[in-house]
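Summary of structural features
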Amino acid sequence: MIKSIKASKSEKILFIFLISLTIFIFTSFFLLKNKCLFVEKNNLDKLKLKISNNIAVMNLECGNVIIELYPDISPKAVERFKILIEKKMYDGSAFYKVSENTFVQAGDIEYGNIDNLDYSKIGSGKSGLGLLKSELSNDFIFAAGSVGFARTTEFDTEDSEFFITLKEIPIYQGEYTPLGKVIRGLDILTKIKTGNKAIYVLRPDHINTFRMLNSN
Amino acid sequence: MKILIFFILLFQILHVNADEIYNLIKIPNVEIYKLKNNNNIRYLNAKGNFKIGVKMNIACDKVNIENLNSKFSVIEKNFNLYNSGFLKKIKLKYIVFCENLSISGINTGGIPNNKNRTLILDINFNQEYFERMIHHEIFHMIQSSHSDVFDENKFSTFNETSFNYAKCSTCSDRLNLDLYKNTNGFLTEYSKSTPSEDMAEIFSFLMTDKKIIKEKIKNDKILSNKVNYIRFSLAKIDKNIL
């Protein structure tokens, strides 16, 4: 006959400690490691956004970033941006240049797609649609969430690359062509992988899909 | 795998403060000193030491803010002589202040860069020549943005036929910046280094002390021709700058 043995007090404490440790390890590896855990996903069905020709939805790992475009400020640039979105050319585009809490940059169509990254040439790729003239605005303030067309050190070299500011950057005023502004999902952009102060990000995060709202 | 390791190493080598200002003017460790100015020029200062250039041959140290504060009014007064339209034409927008500026180990007062619309200035440059140095470096920006206007060969013909400039400004020992008593076609010893430096020296005096130039050209035909050439050429870019 097997007698049931009562656990001693110290055994109970050890048991509780082991359970706590297991929960802690589980939380650390599966929950806290999930960078998207506490981020609003911006589900389009719940948002009930007013349909507009100038609202774009960028889907990232952590959710949707909603961008309002400003064709009144930069008509040619916004027209180009919409063409690239409608042709789905930004799908898979890597955020290869990221400065923590400052800006994120993506949109190299030729060398910056996650399926075909070319680290030696990234940032110099072309869309095939030609270069645009800069449409600068001395009034547009690059506040947090501003979307601008990237360029080389020269003006009039805008093509497809764009950046989004994560904080106000006063020095960009009058320097870059404004495209629009993030109206929802700025916190999603702060979760994008950074290069830890390096110029480029190794194994970068990328855009899943980029669509105009009226095409969803 | 080897390629991945190569890129990881490369990325570590390229480890710089890739912030928003670096993204714009390709100079790391720089912060805003004064942004809003009537002529749209933007003043920045080195918050840390930096090295730039293809071979990292341009080096400069962080600025002591108190030192800069004490010199800024003089600097600003000199840059305010240029309007925003002119600065746009010569591609100058950003002034970066630092200390102990050098290129390939040789100390220098300023390094202009039209491509990035930037002029790096050493605020510790000899204070006797500091204001002139600012305009001297601005002339280099004028010349490189309007190389068709300033013909060095034509400018050289104003000199006596026996005179020859050095091959480059850094390969010459003609470095003194003191004004000659007897000019004989040249304002300073440094003017004799290259045609470009000669033009820049004339321009720097025209911007800081027109009276001296007026006095010197009275009895110096060569210098007079050179000054007229600079005036005439500058008028093609902006009639009101001198």
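Residues numbered from 1 in each chain as written. Chains lettered and ligands numbered in written order. Predicted model: local features only at pLDDT ≥ 70, side-chain atom pairs only at ≥ 80, totals over all residues. Heavy atoms only, no water.

**Details of the state of the cysteines**
For clarity, the cut-off: To count as a disulfide, a pair of cysteine sulfur atoms needs to be within 2.5 Å. Each helix corresponds to a stretch of at least 4 residues labelled H or I by DSSP, and each strand to a stretch of at least 2 residues labelled E; elements are numbered beginning at the N terminus. Note on exposure labels: buried denotes an accessible area under 20% of the residue type's maximum, exposed denotes more than 50%, and partly exposed covers the range between, all computed with a 1.4 Å probe on protein chains only.
One pass over the full model with this rule turns up 2 disulfides over all chains. Across the disulfide from A:Cys36 sits A:Cys62; the S-S distance is 1.9 Å. Handedness here is read from the sign of the S-S torsion; for A:Cys36 and A:Cys62, about -65 degrees, the answer is left-handed. Of this pair, A:Cys36 sits in the loop between α1 (9-31) and α2 (44-47) while A:Cys62 sits in the loop between β1 (55-60) and β2 (63-69), placing them 26 residues apart in sequence. For A:Cys36, a relative accessible area of 6% gives the class buried. Disulfide partner of B:Cys60: B:Cys98, at an S-S distance of 2.0 Å. An S-S torsion of about 90 degrees defines the bridge between B:Cys60 and B:Cys98 as right-handed. With a gap of 38 residues between them, B:Cys60 in strand β4 (residues 58-61) and B:Cys98 in strand β5 (residues 94-103) connect regions that are remote in the sequence.

**Concerning empty space enclosed by the protein**
Residues and elements named next belong to chain A. Stated formally: Using a 1 Å grid laid over the protein atoms alone, points where a 1.4 Å probe fits but cannot get out form a cavity; open sets with protein on both sides within 12 Å along at least 5 of 7 lines form a pocket; any residue with an atom within 4 Å of a point counts as lining. Grid points are joined across faces, edges and corners, and a volume is the space filled by probe spheres set on the points. Basically, the charged four are Asp, Glu, Lys and Arg, the nonpolar ten are Ala, Val, Leu, Ile, Met, Phe, Trp, Tyr, Cys and Pro, and anything else, Gly included, counts as polar.
All told, the structure shown has 2 cavities of 30 Å³ or more when counted by the stated rule. The calculated volume of the largest cavity comes to roughly 50 Å³. Residue lining of the largest cavity: Lys35, Leu60, Glu61, Cys62, Ile188, Lys191, Ile192, Asp205 and His206, and that is the complete set. For the lining of the largest cavity, the residue count by class is 4 nonpolar, 1 polar and 4 charged. Each pocket or cavity is described by its volume, and for the second largest cavity that value is around 30 Å³.

**A short note on the nonpolar core**
All names here are of chain B. The criterion, for reference: Nonpolar cores are built from buried Ala, Val, Leu, Ile, Met, Phe, Trp, Tyr and Cys residues. Side-chain atoms within 4.5 Å join them into one set. A domain assignment, automatic or from a database, supplies the domain bounds used here. Every residue pair with non-hydrogen atoms within 4.5 Å of one another is taken to be in contact.
In this structure, Ile75, Phe79, Leu92, Ile95, Phe97, Ile138 and Ile142 are the most contacted members of the largest nonpolar core, which totals 50 residues. Elements represented by at least two residues in this core include exactly α3 (65-79), α4 (84-89), β5, β8 (118-122), α5 (130-145), α7 (195-208) and α9 (221-237). Taken domain by domain, this core gets at least three of its residues from each of domain 1 (20-136) and domain 2 (146-242). Contact partners of phenylalanine 97, with chain neighbours within four places excluded, come to Tyr33, Tyr43, Leu44, Asn45, Ala46, Val63, Leu68, Phe72, Ile75, Leu121 and Ile123.

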